[in-house]
Amino acid sequence: MSKKLKFIWIDDNPKRKGESVNLKNRLGVSLEFKDVKNNDLTETLKDIIRNSEPDMIIIDHKLEEVESGVFKTGSSVAAFIREKWPGCPIVCVSAIDKKDVDSPQRILYEEMFPFSKISEFNTVLLSIAKSFGKLKNDRPQRIEDILKLLKAPKDQYEKLTAIMPKELKENYDDTGLLTEISHWVRKILIERPGFLYDKLWAATLLGIKESSFEKVENVFKTAKYNGLFVDSSNDRWWKNKLLAILSANVSERGLPWEKGRKLPKITKSDFSKCYSSKEDYPETVAYIDETSPKRVAMKLNYTVPHPRFEDLLFFEEIRMMKPAE
Amino acid sequence: MQYLTFTVDSALLRELGEKLVETVHLALVELVKNCYDADATEVQILFDTDNNGKSEIKIIDNGTGMSFQAIKDYWMRIATTNKIDRDVSSVFGRPLTGAKGIGRFCCRRLGGHLTLITSGTKNGRAVGKQRDVEKTEVEFPWTAFEPGKDVTSIKCKGEKKFIENAHTGTILIIKDIEEEWSTRGLNWLKRQLAVLAANRGKKREGYKDDPGFSVRLTAPDFEGGVRDLREDFINAGWATVKAYINNKHHAVCEINALGIGRKTITSQSAYPALKDISLKLGIIVEDRDQMRDTSVLSLGTLQQILPEWGGVQVKYRGFRVFPYGDDDWLEINHDRGLRKTTPKDELLMFAESLRGVDASRSLLNMLSMRSYVGNVEIGDDAEGFEMKLNREGFIASESVSQLKDFVRFAIDWSTILRDYYIRQQSQYDSLVAKNEFEGVISEKLEVGRVVEAAVDYLEREVKTISKSLPVEERKAIESTFLKATDAIRKHNLSNRLELAHLRVVASTSTLLLIFSHEVKSLLGVLEQSKNSLLDIANTLSLKQKKTVEEITDSFSDLKERLHELLELTSLVGTDQRKAKPGQVALKDKVIKVEKVFELIINKYEIRIDADGIPNNIVIKNILEAELYSILLNIISNAIKSVIAAGKNRIIQISASRVDGYNMINIRDTGLGLEPSRFDEVFIPFISDPEGKLYQSLEKRLNPEDKLIIGSGSGLGLGIVKEIIDAHNGSVRFIKPKTGWSTEIEIKLP
């Protein structure tokens, strides 16, 4: 078994040391808490960068209790640390809302989590730390290296190459490469349905309810995404593999949502219905409106494009419910 | 066999020019965008007359220029462009602004003859003084491209030279100007160019630091003559502020603002570490009435400029220092966020000296950091400014911190004056009316008594006039008049009560924000305690562990509920995303509101039945907060009413589409309402016309729950009606269906 991952937590609220111990125990990592209320921040930072690079740095956004004139926010500290360790993931854990932080500051963090929900992010934190470790050990030199780390199916190489941003295709010596990869993989490839499907999309593709997907999950286990930044509490499946396995298991011809219902153990009560019209065979997933995060299965013609999402080539269009006529 | 080929008639050039570029103004803007895209830092536009008295337009920039080959391969080959394969400029990484491949048609659109003189390096990726520069000059006699002639048959004279150590750039000279330029067109042009000229420098990863882009417009025939558009832009907003440090190290500030005029102040406190420092900034407000020059600024262009280029930047010996100006280094947004409204020390005294200004709240009108557009210049003689090694800002020093204080002094001072200005404006109209009225009754009045006095005055006047009338008529007039004045007095009284109440409500929203901030940190404590408990649980016996886990589960439930409630309070916050109206699905929001009242609903065994709302009922073009407000008010009324009535407590909500509208019906088994009261309940403070609701509630409600559903502000249904009316909908009480006591019907698009 490899060595324990090393985390550092920088905070101006000494009370959070308690939570840092909890986190250390939950994740099974080594974690050092740097209290910068009672210690000088600049000195602490100098001390940190004199030592070996950690696998993750956790930092508070507002460093109000700190006397340093230079660093007022965690993002400015992040910028400082990135100078020395461009491939060190820096995660912000704060009481303030993500949306209240300006985007130029937000982008300096790998991710922002609310302190009051930190226990919900165990797997994400580990996934980020481990994946950065992989990237640093085995730094991509070519686009194929990235595709291999993603464990992408071969037949998807061409399409993936076509849509990858140019930062991932050239200048492999660029200091920002690893964070660019992280952002694209986590925020686009994994987040947007297209190449990868989450449980709701996968179930909808198979014509069944999200809650019924676990009945057939085992059939599709080889389709499960297990590449870079895989998060065990937020599964994804390769869409093309789902379809291939479906064809191998159901010989009847038909659309995926017709064939999916012929899988073993699936009964009529598992069938999905359109949220809006109650009709059978909803083909897409859509948000219920512009304000809610709630997504449901729907028939395409009861949906319209969601105005707050841009279209991306090869990804599914993000849609929302069409108001009743 | 014979082969045929296409040829192109010259008429196509003109045709394309007119189709692609609708007006001459648009053509000129496109050409300036090309200069921007070619990484120029300066462009001059000259409306000139040549030796023969004919108009010509010159566009001179210091961008990358083009090589002879590039002109041949791209510029002169119609339907090609070298912009397609990249989306940022090569030197500074600017996002490209120009439309693809229409530059040549713009030249054609502007005039009959074009001379193109351009100097560039071979690869076209360098600006400024370069060792090997290729200078190309080509003449385009557009008029020779007559209909009937093939495009390829017309020759354009061109030559190239190699020069050493020359500057890159492009000059376009357009002659035979075909269209008249109007002042209106020129103003439109200025507004468009202001967007480009707003680029005051930026750093983009992987590219050279962009020093910014300035546009000089010289049009001698038009008002104003020579214009520096960036200067115009700064001076067009609500105010221009200039400040410097004098030889005694005090700050000297000058403001020139709309409605205030020119004012100056010298600070009492000194900034001993500062010298050779000056500041110039524009204060730009997104409101047409607060602009000094609408020919340069329009709301549309502002929305593009401010988020991208607003902010107070720092220039050190002529060069911009990053990231000051992109970040909140002056802590303006920070202070706004914390609602810091009281100025410090001497500025507090200054605020107190202004009539009508509430000194302790005089910074309430502080704008976002992006609304202050300008630079602070640090000159050669300044000391104590040392750049960090990574060139990201200065190393902290006394000078740096005093610099911040100095700039904030100027900004805070201008903010106090803005508060003064805003108060003056809002009081202006009522003051005029009051003064006129004072003239009539020749006595001084308190503001609150104006209506009273006016009615008294009218009463006296009417009595005097009616004395000359026959008794019968006099009595009739006096009686009608009495009714009218009575109505006015009552209405005035209720308005004042409503206003007083709204003041209280307004202050609670601030309280709510502070409260939600506090709750957020408490949630953190809750999370930490829960995680610590779980950590301990791992060391316990199985049975004990289960007990501890049950406790933490209830912690989690509590936390989830608090999170949901907090989400509702964020609706009154500053989240931009929530401040935009959009589509909102009804059923989901009804379920959320139900959760808000969960405790009360369970305690008093109330059933809320929302099954009658189809999933696809969606209200269009409404704010989430508005829909919540409607539902919260109506459902809380219904809850009070069913508790007071004390029988089977059911509230039913259903919805349907009728004639292109969403009809929402809310029924309850509460106290019911007399049909004669159906209209008046929407008038503020008549929430319980028959007085029976609160009497019954007193009896049945536990005292501690009174706080939760409120004792009735008297404004609830009034607010509901205001919101629904504003969306061209309607709300009314209707005769309830059998089995129900009350029914409200809402119609919304």
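Further up the page is the structure itself.
1. So, the overall build of chain A
So, step 1. Looking only at helices and strands, chain A has 12 helices and 11 strands in total.
So, step 2. Once local pairs closer than 6 in sequence are excluded, the contacts in chain A between residues at least 24 apart make up 60%.

2. Topic: the packing of aromatic side chains
So, step 1. Within this structure, the stated rule accounts for 23 aromatic pairs over all chains.
So, step 2. Relative to Phe229(A), the ring of Phe132(A) has its centre 5.9 Å away and its plane inclined at 75°; by these criteria the two rings are edge-to-face. Separated by 97 residues along the polypeptide, Phe132(A) in helix α5 (residues 122-137) and Phe229(A) in the loop between α10 (213-216) and β7 (237-238) bring together distant segments of the chain.
So, step 3. Residue classification places Phe132(A) among the buried positions, given a relative accessible area of 0%.
So, step 4. Aromatic pair Tyr287(A) and Phe309(A): ring centres 5.6 Å apart, planes at 15°, arrangement stacked. Residue Tyr287(A) is located in strand β8 (residues 284-287), and its partner Phe309(A) is located in the loop between β10 (303-305) and β11 (319-321); the two are separated by 22 residues in the primary sequence.
So, step 5. What makes Phe309(A) partly exposed here is its relative accessible area of 33%.
So, step 6. A cation sits over an aromatic face here: Arg94(B) above Tyr36(B), 4.4 Å from the ring centre.
So, step 7. In this arrangement the basic side chain of Lys747(B) is found over the ring face of Tyr661(B), its NZ or CZ atom lying 4.6 Å from the centre.

3. Description of the interface of chain B and chain A
So, step 1. Taken residue by residue, the interface counts 34 residues in chain B and 39 residues in chain A.
So, step 2. Of all residues in chain B, Gln528(B), Gln583(B) and Asn615(B) bury the most surface against chain A, accounting for 19% of the area lost on that side.
So, step 3. Applying the counting rule to chain B against chain A returns 0 salt bridges.
So, step 4. If you look at where chain B meets chain A, you find 19 residue pairs in polar contact (both at pLDDT 80 or more).

4. Section: the sheet that holds β10(A)
Note on sheets: strands pair through backbone hydrogen bonds, and any given pair is parallel or antiparallel.
Residues and elements named next belong to chain A.
So, step 1. Spatial strand order, β9-β8-β11-β10: 4 strands in an open sheet with mixed pairing. Strand pairing shows two members of the sheet lacking a second neighbour, β9 (295-298) and β10, which therefore form its edges. Across the sheet, the axes of successive neighbouring strands diverge by a mean angle of 50°, strand direction being ignored.
So, step 2. Pairing analysis gives 4 bridges linking β8 to β9, with the strands arranged antiparallel. Each residue of the ladder has a partner; that of Val-285, found in β9, is Ala-297.

5. Regarding the sheet that holds strand β11 (residues 261-270) of chain B
All names here are of chain B.
So, step 1. Pairing within the open sheet is mixed, and its 7 strands lie in the order β11-β10-β9-β12-β15-β13-β14. Each having just a single partner strand, β11 and β14 (319-321) make up the two edges of the open sheet. Mean inter-strand twist for the sheet, computed between neighbouring axes without regard to direction, equals 20°.
So, step 2. Pairing of strand β9 (residues 239-245) with strand β12 (residues 277-283) involves 6 bridges; the strand directions are antiparallel. Within β12, the position partnered with Tyr-244 by the bridge is Ser-278.
So, step 3. The sheet strands contacting helix α6 (residues 229-236) are β9, β12 and β15 (372-378), and the helix crosses β12 at an angle near 70°.

Rules and cut-offs
- Residues numbered from 1 in each chain as written.
- Chains lettered and ligands numbered in written order.
- Predicted model: local features only at pLDDT ≥ 70, side-chain atom pairs only at ≥ 80, totals over all residues.
- Heavy atoms only, no water.
- Helix = DSSP H or I, 4+ residues; strand = E, 2+ residues; numbered from the N terminus.
- Contact = heavy atoms within 4.5 Å.
- Phe/Tyr/Trp six-rings, centres within 6.5 Å; stacked < 30°, edge-to-face > 60°.
- Buried < 20%, exposed > 50% of the residue type's maximum accessible area, 1.4 Å probe, protein only.
- Lys NZ or Arg CZ within 6 Å of the ring centre and 35° of its normal.
- Buried area = accessible area lost by both parts, 1.4 Å probe.
- Salt bridge = Lys/Arg side-chain N within 4 Å of Asp/Glu carboxyl O.
- Polar contact = N/O pair within 3.5 Å; in protein donor to acceptor, adjacent residues only side chain to side chain.
- Pairing = 2+ DSSP bridges.
- Axes fitted to C-alpha atoms, helices over the stretch in contact; angles between N-to-C directions.

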